[in-house]
Each structure stands twice: as C-alpha cells, then as structure tokens.
Amino acid sequence: MPFGNTHNQAKLKYSSEQEYPDLSKHNNYMAKILTPAMYERLRTKETPSGFTLDDVIQTGVDNPGHPFIMTVGCVAGDEETYEVFKELLDPVIEDRHGGYKPTDKHKTDLNPDNLKGGDDLDPKYVLSSRVRTGRSIRGFCLPPHCSRGERRAVEKLSVEALAALSGDLKGKYYALKNMTEAEQQQLIDDHFLFDKPVSPLLLASGMARDWPDARGIWHNDNKTFLVWVNEEDHLRVISMQKGGKMKEVFTRFCTGLTKIETLFRDRGHAFMWNEHLGYVLTCPSNLGTGLRAGVHVKLPNMSKHAKFEEILTKLRLQKRGTGGVDTAAVGGVFDISNADRLGFSEVDLVQMVVDGVKLLVEMEKRLEKGQPIDNLIPAQK
Amino acid sequence: MASSFTRILSSKRNVGILSLVGGSVAAGFLLHREHVTAGEPLRRRYPASAEYPDLRKHNNCMASNLTPAIYAKLCDKATPNGYTIDQAIQTGVDNPGHPFIKTVGLVAGDEESYEVFADLLDPVIKERHNGYDPRVMKHPTDLNATKIQSGVFDERYVLSSRVRTGRSIRGLSLPPACTRAERREVERVVVDALSGLKGDLAGKYYSLTLMTEQEQQQLIDDHFLFDKPVSPLLTCAGMARDWPDARGIWHNNEKTFLIWINEEDHTRVISMEKGGNMKRVFERFCRGLKEVERLIQERGWEFMWNERLGYILTCPSNLGTGLRAGVHVKLPRLGKDPRFSKILDNLRLQKRGTGGVDTAAVGGVFDISNLDRLGQSEVQLVQTVIDGVNYLIECEKRLEKGQDIKVPAPLKQFK
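Residues numbered from 1 in each chain as written. Chains lettered and ligands numbered in written order. Predicted model: local features only at pLDDT ≥ 70, side-chain atom pairs only at ≥ 80, totals over all residues. Heavy atoms only, no water.

### A few points about the interface of chain B and chain A
Each partner contributes residues to the interface: chain B has 48 residues there, and chain A has 49 residues. Summing both sides of the interface, chain B and chain A together bury roughly 3800 Å²; the carbon and sulfur share of this comes to 44%. At the boundary of chain B with chain A, the tally comes to three salt bridges. The residue Arg180 of chain B makes a salt bridge to Asp54 of chain A at a minimum N-O spacing of 2.7 Å. The interface formed by chain B and chain A holds 21 residue pairs in polar contact (both at pLDDT 80 or more) in total. Among the secondary structure elements, those contributing two or more residues to the side of chain B that touches chain A are helix H2 (48-51), helix H5 (85-94) and helix H8 (180-194) of chain B. Tallying contributions element by element places H5 of chain B first for the side of chain B that touches chain A, with six residues. Residues that form the side of chain B that touches chain A fall into these classes: 20 nonpolar, eleven polar and 17 charged. (Contact = heavy atoms within 4.5 Å. Buried area = accessible area lost by both parts, 1.4 Å probe. Salt bridge = Lys/Arg side-chain N within 4 Å of Asp/Glu carboxyl O. Polar contact = N/O pair within 3.5 Å; in protein donor to acceptor, adjacent residues only side chain to side chain. Helix = DSSP H or I, 4+ residues; strand = E, 2+ residues; numbered from the N terminus. Nonpolar A, V, L, I, M, F, W, Y, C, P; charged D, E, K, R; others polar.)

Shown next as structure tokens:
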C-alpha cells in the first residue's frame, strides 16, 4: 500500500522535474540507474493493483546507502512490478546480479540427487548448516503493498497448506499475535522467533505495517524445517541443523518446498515464478533462487589471512557474522554462504557452498599446522 | 461541504481543489484503491470485515472510536488527493499505545481528511479535546496580544518563555501524504514569504540539505536544529519520507522567532526568549504570524482554517490554536508536593521535563504549559498560562516561607 503517496493522477499535475527525487548523496542501485528521463517515462504507469514508481523507489530515496555497501534501493509491490517497471528494474537486476541480462533464462533445480557430496563437512569446524529461500503466492500483493485482508488471506492459505505436511515435516503454526509467553520464550531459545523489522531499509518500504497482524512462524516437530509467514516476503522457508551435513539439510529443503508447492497447487494457488526471473520475491536481490545456503564455520586462522576476502570472492561466497548480515564474527566463527541468487540453480549454489567450505576448512587445517595454502587458492569460479 | 471553507479561495488555489467526496467516491478516476483495465487481473478486494484492523491490544483515540461499522462506511472513500482511511489510521494501527498515555492514533493527509472522514475524526476530536464537539461548536481565533494582562514573570523563578503553533498552507497536502513536489512548493512559498519580514523579524533560511557544517553546529548550539523524526508515531504516518528534502529552519537575526518547515507540519512557528516576559514573547508571536499570513496572501496563498476546527494541522491534537505556551520555571518545593498534579489539573496546565515531552524535570525546573488547544482562543490560553504560572510561583514562595498552599478551584473549560 503506497502509504503517503497520493494517487498518481493527482500527482501528475506537477512536472516530472518537480517530483524527481534528490539522489545527489545516494549510493544504491536505484540511484545509480534512475535518470530524470526514465522517471518521466515511468511515473505515469502503475501496476494493476496500483503500485507506482514512487512506491518502488521510496526505500531507496529514504536510505541513501552506505559508501561501502551497495543496497538495492527498490522493492516490488506485486508480481507485475517487474514487468511494468522493467526499464528501471532490468538494469538494477543486471547490475546487482553480476551481468544477468533481460533476455537471460534462469534455471530452477530442486533435485537434491544432483548435489555431489555435501554430507561430510567436518563437524569440528562446521557447527551448523542452513538453507533458506522465499516464496510468493501468485495473485496476492507483496508485503510493501498488501492490504490487511490480503495479508491475512496469505496467512490462512499458508497455514492450511502447512497443516497438511506429514512425517518428519509435520509441525505447528504460532501466530505472532496469539502466542503465549511460554511459546515465545521457546521460539527465542530455538533461534526461530523473528521480530518486527527495525532496519530502515525495510520500514521505509512499508513492510512492517499492521505488525504483528497475520505474521507467524511454523516449524516441524523436529525443529529442522521452519517457515516464516509475512515477514519480508509472503513465505521464507528454512531448513537447518547442527553439524555439517549440508546434503541432508538441502534434501529436506527440496522435499519440503516441493511438497508445499504441491499443497498450494491443490488449493488452486501457484508460486510467483517465471522463466526469466525464477522465483519472484519482494527485493530484487532475492530473485532467481532466493537461496542462501550457509554454514557457521570456525576459521580463526583463515580469517586473519591476507587473501581471505579474495578467496571468498573467487569461490563466489560471502561472509557474515554469526548474528547475520552486518554483525561481527565471534570467536573466529563465520557465517559463509553463496553470494549469488540469480542465474545459477539451487543445486549450483549449494554445490558452490559445499565445495567452497570444504576447501576453506582444508586451508584452515593447513594454517593451523603452519603450512602455506598458496597452491590451494582456486581460480575464479 | 463548501461552507467549511469560509475564507475566500484565490483562483490559483481552485485549480487543485476538486469537489469534495460525498457518499460514494464521485471523482472515480482519482480512486487509487482499484485500478481496472479490461482483461487485466484486478486487485483482490476483500470486504471491510476482512480488512478491519485488530485493535484488541490498542489504547489510542482512534482505536476507541473506530467501530467496524464506521470503518465499513469509510473504507472505500478517498479525499480528492486520493488519501484513504487506511492511510489515516496506519500510525494508530502500528502503535498500539502506552497503557498510561493515550495517543491520538491517526493523522490527516490533507484538509479534506477532516471532512471526508468526519465520522471517525469528530468523535476522536471530541475525546482528545475534552468534550469539544466539532459538529456543533465554533472555535474562537484571537491573536490580539494587547488583551494580555500582566505576563511578566518573576525571573527568580521563570528561566525562559516560549509560544509555539503550526500553520498549514491551503491547497497543498500535509506531511503524511504530500508528494515531493508539494513539499518543495510548501518550502518555496514559506521561504519566499519569510524573506519579506523586516525589523526585529528579519532573518534567514537554512535548508537541511544545503546547510554547511558550521551552520549546523550553530543551530545545534542554539537548540534550534530539528532532526529526522525517530518516533514510530511519526514515521509510521509517512512524515519522514524523502528526508531531508525540502526541510529547513528559518530564524530571525535576534534568534527569538523561529520557523520549522516540513517537519511534522507544513510550518511550526516558535517565539521564545530567556527570562519571564511572556507578554513580549506572545506579542512577537502574534505580530510575526500575522505578518507571515499577510505575506503569503499577497502571493495568492492562505492558511488552512475553518470555523469549527480552527487552524488545520496534521495531528488532530493540534487543531484549534495548535498553541503551546510554556515556561521553564523553578518549582523545587511545589514539584515535590503531593498536591502538585491536582493544582496543575485545576489550572488546566501540564508539566513536562525540560527536555520536552516525556523527559524528567532536572533540578526542580519544570516545563509548564497549557493543556488545551481547541475551543479557546490564543489569548485565552496564554492568559491561562500566565495566571496559572503566577499562582504556581505564589505557591512556591509560600512553601519557602513554611506557609500552606491551597488547591485552586478547577477552571471552566470552554469559555
């Protein structure tokens, strides 16, 4: 919902020049790509549900960005946003996703049998393994734009579908606004509970409206498969467990996702997906697979090596602190995950993580013994 | 509906103001909640009952007054600018409130919000303004400072005096809803007018986007600089969009008359000085406001005002006069007396800490100001503050001498 943005028609009485945002101090992909001429061409448009250009870019206008980190600066309000505003979003996507062209096709591969290895990462180093992605339900507006009625409908559909899961995927839903104190504490202890977003990047796009209405957490009884409902996306799906058996985590991930997709389809709903962009999510950075496969891994020596960053880049991996994005690594333990989302399949990305982490652990072991690692440094993937 | 606008609209302003919305949305093409093109998928529409917010844990004026029936009646309406009830109440939905402090929980996106959503706003106004009924009562405006009696306080007790209000430019949307171009237009109109001020009111504008580091530091030292709102009450209403574009501070060379542009309202106007000469502060306040009004009228603009609500501002709590007249006053003994709160209540005053709303009093120094905004004129409210503060100082003096004090009889609310 474009809160604060008056209807497009009423706004058009001012010239494009008068409305054009001041982006002189900005450093995000939106600010890099948007020009006054482009703004003029796109501002008369809107998606069928009424999402406008100003809605797309508000978060980027309000958050100039960081001189070192390049944020995306735009969001989608519905599936059609990526069509109607492709003149802006295609170049943003191309820039953000390493040269992915408007004509490129994205491959989806959720067959865990195609993953080689991944069941033997050394648990003395790899403390935990996790794979996450997101899914959007076709026909409903996305979190920046949805009404309360739509958000509640997404919740209802999701809870009904998840209730049909069985076996090791059988679980329970905890609505944020109904949970008891005891349930809340347990979810916090399990590191499952998500809180109202505080990042201005998210708040400025309108995703936190009406919190905590229609938000909740579903997880299986084994606590290895978890779904967030209506946080930054309609659904965030997470498979995780302690130790280094990434293959197991990924297998459960694929099985669960496929089952959920079938359950939605049985109820007449598809996920947002197309050949070019893969799975469609709120933030352009999460298109394609929307997948982040990662481990918490002990690399105290590796992290002090001068070529650590370079090696990660070559492996197409990124590091984060163990508190998540923008946190510091504690005790030499890093969160290492794939850097890419779009243009590679799910199997491709998890393979990169599995192979890359295996190599990093080997390097760590060498450094422990005071041995050099130069002959292990890989070529750019 | 046209009767609400009792001031004459200049032709320039008529361009932007279309017919007000009656029962269903007349200006159909401006309705942004449903965009239908033949053959394209329609946005899913849900009945009002599916959209009605969950207000069970809420304690604000909006939540107390928004029934499902009122919501159903209003949810498909929009002002001529396209502002909707969902937008108006978003801040109240997102901020359930505090068990002890009752916030308003809704804002206006434009002048017409107060008409189109009157079914909700009128009862909210009545509740917030202690019974003022906008359906039947009229609000008095009086900026004649010569009517003030006494008004020079004992400076052994009163450290500083200040009067503030807000003004909105008719024809331009308010901060929750305005576009960037509208906000820049507000800035242009006001800064242009202020450049016409002379004498002790002559001053300079400092735009937030353009000010130098040195100017910024000076403004901080003078306690003039306002920052991007952090309160979720404000950010959830959309007022901080595009910060700091078209925001700025104007003040006179003497630093006694200050205007904030495009913060929570189009303008906030402040007259202040050290010491206890509230009469002079108010005199300058009235003179400055009238001069600014004259200057914008010369250019074909006017302030948002009507007979039933007085001056129109973003938050319903600031309707009427939008006026807060206050002092920083030393009341160390009275401040500890158990009767202090009751005395303030009866005098229709409120206390705050010297850091502003929700801060603690330091060193027995309190910020004392009027409780009311709507239903009494500026002159009446400032007189109330003057009489009340004089009474408080008398109490403090009596306590100093070991004498007893009395709780005064409660003042009548609407004069």
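### Looking at the domain arrangement of chain A
Residue and element names in this part refer to chain A. Splitting chain A by domain gives domain 1 (6-95) and domain 2 (110-367). Each of domain 1 and domain 2 was reduced to a C-alpha centroid, and the two centroids are 28 Å apart. Listed by partner, the interface residues are 20 residues for domain 1 and 23 residues for domain 2. Together, the buried faces of domain 1 and domain 2 total about 1600 Å²; carbon and sulfur atoms form 67% of this surface. Considering only the surface of domain 1 that becomes buried against domain 2, Glu79, Tyr82 and Ile93 emerge as the three largest contributors, covering 35% of it. For the pair domain 1 and domain 2, the number of links is one salt bridge. Between Arg138 and Glu79 there is a salt bridge; the shortest N-O distance is 2.7 Å. Along the contact surface separating domain 1 from domain 2 lie seven residue pairs in polar contact (both at pLDDT 80 or more). (Domains from an automatic or database assignment.)

### Concerning the pattern of salt bridges
Residues and elements named next belong to chain A. Evaluation of the coordinates by the stated rule reveals 59 salt bridges over all chains. Across the pair Lys105 and Glu275 runs a salt bridge, and its minimum N-O distance is 3.8 Å. Taken together, the residues span a long stretch of sequence, with Lys105 in the loop between helix H7 (86-96) and strand S1 (126-135) and Glu275 in the loop between strand S6 (273-274) and strand S7 (278-279) at a distance of 170 residues. Given a relative accessible area of 56%, Lys105 falls into the exposed group. (Buried < 20%, exposed > 50% of the residue type's maximum accessible area, 1.4 Å probe, protein only.)

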